[in-house]
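# Observations on chain architecture
The chain contents come next:
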Amino acid sequence: MRIGHGYDLHRLEPPPPEGSGRPFILGGLNLEHPTGPVGHSDGDVLLHAVTDAILGALGEPDIGRLFPDDDPRHDGADSAIFLEEAVRRMSARGFTLGNIDITIICERPRISPHVDELKSRLAGWLKTSVDRVNIKGKTHEKVDAVGEGRAIEAHVVILLEPIRE
Ligand code: MG
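Below: a short report on this structure. What you see is a predicted model; the values in this text were computed from it and never measured.

Here we come to the pattern of salt bridges. The tally for this structure, following the rule as stated, stands at 9 salt bridges. Note that arginine 22 and aspartate 75 form a salt bridge whose closest N and O atoms lie 3.0 Å from each other. One end of the pair, arginine 22, is in the loop between β1 (2-13) and β2 (25-26); the other, aspartate 75, is in the loop between α2 (63-66) and α3 (80-92), with 53 residues separating them in the sequence. Using a relative accessible area of 51% as the deciding quantity, one classes aspartate 75 as exposed. Across the salt bridge formed by aspartate 101 and lysine 136, the nearest N and O atoms sit 2.7 Å from each other. Placement of the pair is aspartate 101 in strand β5 (residues 95-105) and lysine 136 in strand β6 (residues 133-138), with a sequence separation of 35 residues. Given the relative accessible area of 32%, lysine 136 is considered partly exposed. What emerges from the salt-bridge pattern is a single network uniting Glu60, Glu85, Arg88, Arg89 and Arg93.

See below:
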């Protein structure tokens, strides 16, 4: 078995011209919020942290090395392409998902109403069943950048198991 850890944070800003925020995309869902992540791609912290957890478990280069943020091909990119590449590498290396546990931290919007949909979307990308995917939403108790609504972060722990023939 292989264990992996992923972490990501993106600044949240209003859309242009007030700021540089993109639409609030999380796990591929648009949550319709007055601020959104600043990022070279679509800024999806959840998919970025999951991608890095898989790559970390495999001992492969992280998302920033595989998909450099100065590459114009990734400007505004759908982060699903990063996750799909990590899953492709996982399968190619002979692994399947054991389970994944995720914590998303932001003050607003609330994550809990979206947890079931996020879990089922992730299970699809990870080619696994929903019962192997766990997602928790938390606030940062109004302190520091995350608590003041200026950032969102995600923490991920993943276990990969060898594919049994
Ligand atoms: Mg990121």
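A word on the coordination of the magnesium ion. Protein coordination at the magnesium ion comes from Asp8 (OD), His10 (NE2) and His48 (ND1), with a distance range of 2.2 Å. Of note, the donors binding the magnesium ion are all from one chain and are spaced D-x1-H-x37-H. Here aspartate 8 is found in strand β1, whereas its partner histidine 48 is found in helix α1 (residues 45-58), with 40 residues between them in sequence. A relative accessible area of 15% means that aspartate 8 is categorised as buried.

So, on to the packing of aromatic side chains. The full count for this structure, using the stated rule, is 1 aromatic pair. With a centroid separation of 4.5 Å and 35 degrees between ring planes, the pair formed by phenylalanine 67 and phenylalanine 82 is classed as tilted. A residue pair is termed long-range when its members are at least 10 positions apart, and phenylalanine 67 in the loop between α2 and α3 and phenylalanine 82 in helix α3 qualify at 15 residues. Per residue, the accessibility class of phenylalanine 67 equals that of phenylalanine 82, and both read buried.

For α3, with 13 residues, the first-to-last C-alpha span of 18 Å sits near the 18 Å given by 1.5 Å per residue. Looking at α3, one finds that the buried residues are Ala80, Phe82, Leu83, Glu85, Ala86, Val87 and Met90. In the core, the buried residues of α3 are packed alongside α1, α2, β5, α4 (115-125) and β7 (151-162). Remark: glycine 94 follows α3 within two positions and exhibits a positive phi of approximately 90 degrees.

In this structure, β1 lies alongside β7, joined through 10 bridges in antiparallel fashion. The partner of arginine 2 across the bridge, within β7, is leucine 160. As defined by bridge partners, β1 adjoins strand β4 (residues 36-37) across 2 bridges and the pair is classed as antiparallel. Bridging from a neighbouring strand, glutamate 13 pairs with glycine 36 of β4.

This part covers the layout of surface pockets. The calculated volume of the largest pocket comes to roughly 270 Å³. Elements represented by at least two residues in the lining of the largest pocket include exactly β1, α1 and α2. Per-element accounting of the lining of the largest pocket gives the leading share, 4 residues, to β1. Of the residues contributing to the lining of the largest pocket, the split by class is 6 nonpolar, 7 polar and 3 charged.

Below, the discussion takes up the nonpolar core. One finds Leu26, Val50, Ile54 and Leu122 to be the most contacted residues of the largest nonpolar core, which totals 40 residues. For this core, the secondary-structure elements that each account for two or more residues are α1, α3, β5, α4, β6 and β7. The residues touching valine 50, leaving out its near neighbours within four places in the chain, are Leu83, Ile100, Ile102, Leu122, Leu126 and Val156.

Parameters and conventions
- Residues numbered from 1 in each chain as written.
- Predicted model: local features only at pLDDT ≥ 70, side-chain atom pairs only at ≥ 80, totals over all residues.
- Heavy atoms only, no water.
- Salt bridge = Lys/Arg side-chain N within 4 Å of Asp/Glu carboxyl O.
- Helix = DSSP H or I, 4+ residues; strand = E, 2+ residues; numbered from the N terminus.
- Buried < 20%, exposed > 50% of the residue type's maximum accessible area, 1.4 Å probe, protein only.
- Donors = N, O, S within 2.8 Å, 3.2 Å for Na, K, Ca; no water.
- Phe/Tyr/Trp six-rings, centres within 6.5 Å; stacked < 30°, edge-to-face > 60°.
- Expected span 1.5 Å × (residues − 1).
- Contact = heavy atoms within 4.5 Å.
- Pairing = 2+ DSSP bridges.
- 1 Å grid on protein atoms, 1.4 Å probe; cavity = no way out; pocket = protein on both sides within 12 Å on 5 of 7 lines; lining within 4 Å.
- Points joined across faces, edges and corners; volume = space filled by probe spheres on them.
- Nonpolar A, V, L, I, M, F, W, Y, C, P; charged D, E, K, R; others polar.
- Core = buried A, V, L, I, M, F, W, Y, C linked by side-chain atoms within 4.5 Å.

Everything listed here is a matter of coordinates, which is why it stays silent on function.
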